[in-house]
Amino acid sequence: MRLVFLGPPGVGKGTQAEGLARELQIPHISTGAILRDALGRGTATGLAAKKLMDAGDLVPDAVVVDLVEDRFAEQDAASGWLLDGYPRNLDQGAALDGLLSSLNLTLDHVVFFECDSAELVRRLGGRRVCRKCGSTFHIEFAPPPQSGDCSEGGECEIHQRSDDAEDAILKRLDVYHSETGPLVDHFRSQGRLVVVDGSQSIDQVGVQLRAALERSS
Ligand code: ADP
Ligand code: ADP
């Protein structure tokens, strides 16, 4: 199964991807997570991306196109993957099309999650992440565990991402509308788009997502 999750920041792509990728036994490939990991390790790629990420801007296409190409070459990606946060503009969409055709592969589905901006701001503002296990929480909608429940053992180390500050959130929503929005038509015209209402609860979105994938397969 080869899936792309498309939608605005905060709509719940990462939250839904964690569970679905586990169920389908395919890797969850998030370009944002790969960049944050590179930054955590202090690589040149990560350090160069930090300023852009903190400001809510996209990192250059050449950087993410290479990251995805390298990630696809890893062994666990041979049986499929769930791409989250890539592609993010039409050029990256064309790069993905080119990479897939060079590998003789096709996408199964592109899931587009919809949600209004006020709810996205609420979700991003309350997002918290565990430094150790990488799990995503929300102070109101998905509270972090109280004690001892980190999948890496012991307590989760909860923090707020530096790009979840208010200015960067608004910038990311702008960038989404101007850069990423046009990909919806790109994938719709390829007949691959599955639309899911992302504004409902985490569980309801999960049910809808699985039903929509079932219907379109
Ligand atoms: P969110 O889902 O909250 O927008 P991500 O983790 O997907 O966050 O991305 C965080 C940041 O990483 C983005 O704002 C951007 O700076 C960078 N990034 C991630 N994926 C891409 C991509 N495909 N192209 C360019 N920049 C990216
Ligand atoms: P994305 O990967 O699309 O940027 P996330 O999965 O990181 O989004 O979710 C953003 C925030 O919203 C997180 O704090 C997450 O716990 C919360 N969240 C995700 N889905 C929902 C939902 N359906 N209802 C309420 N909160 C949600």
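Whatever comes next refers back to the structure up there.
Residues numbered from 1 in each chain as written. Chains lettered and ligands numbered in written order. Predicted model: local features only at pLDDT ≥ 70, side-chain atom pairs only at ≥ 80, totals over all residues. Heavy atoms only, no water.

A. Molecular detail of the packing of helix H5 (residues 90-102) against helix H8 (residues 182-189). Between H5 and H8, the least distance of the axes is 9 Å, while the angle of their chain directions is 30°. Contacts from Leu90, Gly93 and Asp97 in H5 reach Pro182, Leu183 and His186 in H8. Residues that form the contact of H5 with H8 fall into these classes: three nonpolar, two polar and one charged. (Axes fitted to C-alpha atoms, helices over the stretch in contact; angles between N-to-C directions. Helix = DSSP H or I, 4+ residues; strand = E, 2+ residues; numbered from the N terminus. Contact = heavy atoms within 4.5 Å. Nonpolar A, V, L, I, M, F, W, Y, C, P; charged D, E, K, R; others polar.)

B. Local environment of the site of ligand 2. Near ligand 2 you find 19 residues, and of these Gly10, Thr15, Arg127, Phe137 and Gln200 are the closest. Contact between ligand 2 and Gly12: an oxygen atom at 3.0 Å from a main-chain N or O atom of the residue. Contact with the protein chains covers 94% of the free accessible surface of ligand 2, which is 560 Å². Put simply, the parts of the chain that give the shell around ligand 2 at least two residues each are helix H1 (13-24), strand S6 (136-138) and helix H9 (202-216). Residue classes in the shell around ligand 2 are distributed as eight nonpolar, eight polar and three charged. (Near = heavy atom within 4 Å. Polar contact = N/O pair within 3.5 Å; in protein donor to acceptor, adjacent residues only side chain to side chain. Areas by Shrake-Rupley, 256 points an atom, 1.4 Å probe, with all protein chains shown as cover.)

C. Spotlight on the nonpolar core. Counting residues in each nonpolar core, the largest one holds 26 residues, and the members touching the most others are Phe72, Trp81, Leu83, Leu96 and Leu107. When contributions to this core are tallied by element, the ones reaching two or more residues are strand S1 (2-6), helix H3 (44-55), helix H4 (61-72), strand S3 (81-84), H5, strand S4 (109-114) and H8. Sort the elements by how many residues they give to this core and H4 lands first, with four residues. Residues within four places of Trp81 in sequence aside, it is in contact with Met1, Arg2, Leu3, Ile26, Pro27, Ile29, Phe72, Leu100 and Leu107. Core analysis: the second largest hydrophobic core is formed by 21 residues, Leu3, Val11, Ala21 and Leu124 among them. (Core = buried A, V, L, I, M, F, W, Y, C linked by side-chain atoms within 4.5 Å. Buried < 20%, exposed > 50% of the residue type's maximum accessible area, 1.4 Å probe, protein only.)

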